[in-house]
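# A look at the structure
If you want the building blocks of each chain, they are given just below.
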Amino acid sequence: MSIDIKEQSNEKYTEANNYAKKVLNLINKENDAITEEDASWITEETVDNFRDYVNPGFLDYRKTVTKDKQFAAVEWSDEGESFKDVNGKKYIDCLGGFGIYNVGHRNPRVVRAVESQMNRQALHSQDLLDPLRAFLAKLVAQITPGDLQYSFFTNSGTESVEGALKLAKLYSDRSTIMAATRAFHGKSLGSLTATAKGAFRRPFFPLVSGFRHVQYGDIEMMEKTMEACALVGEDVAAVLLEPIQGEGGVIVPPDDYLPKVRALCDKYGALLILDEVQTGMGRTGRMFCCEHYGVVPDILCLAKAFGGGIVPAGAVVANEKVFKNFFPNPFIHTTTFGGNPLACAAAIATINVLIEENLPERAAKMGAYMLRGLKEAARGHEDKVMEIRGKGLMIGIEFQKDKIGYEFSQKLFDKGVLVAGTLVNAKTIRIEPPLTIKKEDIDRVVQTVADALK
């Protein structure tokens, strides 16, 4: 049987083009111009295409998809502290894209900066000096603690961690990296080795050699492990930690933990890498979580909210003694899209908004208010709720069982409040709204939590 490849290709291209035009027509419509017929088609196509072309496994994890895979809430637009599904239902966003929307959804100032830069130049040549990367690097040096000075820009958190690990390896001839149990640092190969969840790690063994994990928050275990590594000639090159473990369940360490880790690193000649991908950019009530504890890392990892919820953006920030190992050959670690003009414009505008609107301070104030309200709502429900904890607007509600947490998040979603579990686990539900969330929205969330627990 012979096939006319050219004719077949033409048919496929025609079909694909017609489909693209239909989708573009919907994208170019004003939000209020989407009809019920449009919404129905979008929903059905989304579910079917996830099943047939993306990954059907996602449908099993989406709380809005029924067993017959036909009904689903499909997000379509966002603004401020909320988003709407394609049918127009509004949700208060208490997930915040796992910490993306610190300055709110589609913050007008961030959008304007990105649109203005797009109208001028979207991506750079890769050869000439690009000014926005230089502007942003100086800003980052100005707002980060201590002697952090040089930045390498990335597209995501896992890329930032990979860059930090490579910097640590370049700094000395040591190869041991220490991380913590319940840690999450990403899923590319190096960062996955530092991540602690076995279900993510096991399928990809063997991972990168030289990593050791110790109990998070246990300073004695860390000291004994560092001492043992030194005795056997496997001195620790770097300690990689989250100041507050996000995906691990919003685990807040003792107040003296990070200062003691810093002291141990100094004692044993190890670098301290802090992964502030989720805790940074004002989330916990300071611009960077490590500032609560008076600790300055040698390397700082940023992403998520760094791009203002508009453009993917991240950064590896280091002091000169560490970063200078990139100086002799600046091409030893590169990325095509990291630090592109659109991402830099978004990050610059984000920093401006965070400072001018005092959003870190606001996160501290609103976070304390929300934490009090949530604890009051949970009073009398100790059979369901184990603990409510957090710092700033990074809050976790830990339940007695996974099933309770899942049913709780489902009830909140039905009432128009989006929350989610941690590490594909509903035992701890995270509350991470935009730092711009209004007091009346917090009151509504607290009341919805109280009703759900009843």
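Cut-off values and rules
- Residues numbered from 1 in each chain as written.
- Predicted model: local features only at pLDDT ≥ 70, side-chain atom pairs only at ≥ 80, totals over all residues.
- Heavy atoms only, no water.
- Helix = DSSP H or I, 4+ residues; strand = E, 2+ residues; numbered from the N terminus.
- Rg over C-alpha atoms; globule rule 2.2 N^0.38 Å.
- Contact = heavy atoms within 4.5 Å.
- Areas by Shrake-Rupley, 256 points an atom, 1.4 Å probe, with all protein chains shown as cover.
- Expected span 1.5 Å × (residues − 1).
- Buried < 20%, exposed > 50% of the residue type's maximum accessible area, 1.4 Å probe, protein only.
- Arc of directions from axis to C-beta.
- Axes fitted to C-alpha atoms, helices over the stretch in contact; angles between N-to-C directions.
- Left-handed = near helix turned anticlockwise from the far one by under 90°.
- Nonpolar A, V, L, I, M, F, W, Y, C, P; charged D, E, K, R; others polar.
- Patch = residues over 30% accessible without salt bridge, like charges linked within 9 Å, V, L, I, M, F, W, Y side chains within 5 Å.
- Salt bridge = Lys/Arg side-chain N within 4 Å of Asp/Glu carboxyl O.

## Some thoughts on the overall build of the chain
Within the chain one finds 16 helices and 15 strands. A globule of 454 residues ought to have a C-alpha radius of gyration of about 22 Å, and the chain, at 23 Å, matches this closely. For the chain, the spread of C-alpha atoms along the principal axes amounts to about 70 × 65 × 55 Å. For the chain, the proportion of contacts with a sequence separation of at least 24, taken over those separated by at least 6, is 71%. Accessible surface, the chain as shown: approximately 22,200 Å² in total, 52% of it carbon and sulfur.

## Quick word on helix α15 (residues 402–414)
Across its 13 residues, α15 extends 19 Å between first and last C-alpha, which sits within 8% of the 18 Å expected from 1.5 Å per residue. Taken as a whole, α15 has its buried residues at G405, F408, S409, L412 and F413. Along the axis of α15, the buried residues cluster in a sector spanning 135°; they form a single face. Those residues of α15 that are buried are in contact with β3 (90–93), β12 (394–399), β13 (417–418), β15 (428–431) and α16 (439–453). Phi for G416, located one or two positions after α15, is positive at around 85°.

## Focus on the packing of helix α6 (residues 131–143) against helix α13 (residues 341–356)
Remark: α6 packs on α13, axes separated minimally by 9 Å, with the N-to-C direction vectors making an angle of 30°. α13 is crossed by α6, and the crossing has left-handed handedness. Mapping the contact onto sequence places L132, R133, F135, L136, L139, V140 and I143 in α6 and P341, C344, A345, A347, I348, I351 and I355 in α13. Its residues assigned to classes, the contact of α6 with α13 shows 13 nonpolar, no polar and one charged.

## Concerning a nonpolar patch on the surface
On the surface, a nonpolar cluster with roughly 360 Å² of combined accessible area is contributed by Y53, V54 and F58. Position of Y53 relative to the elements: it lies in helix α2 (residues 36–54). Note on Y53: relative accessible area 69%, which makes it exposed.

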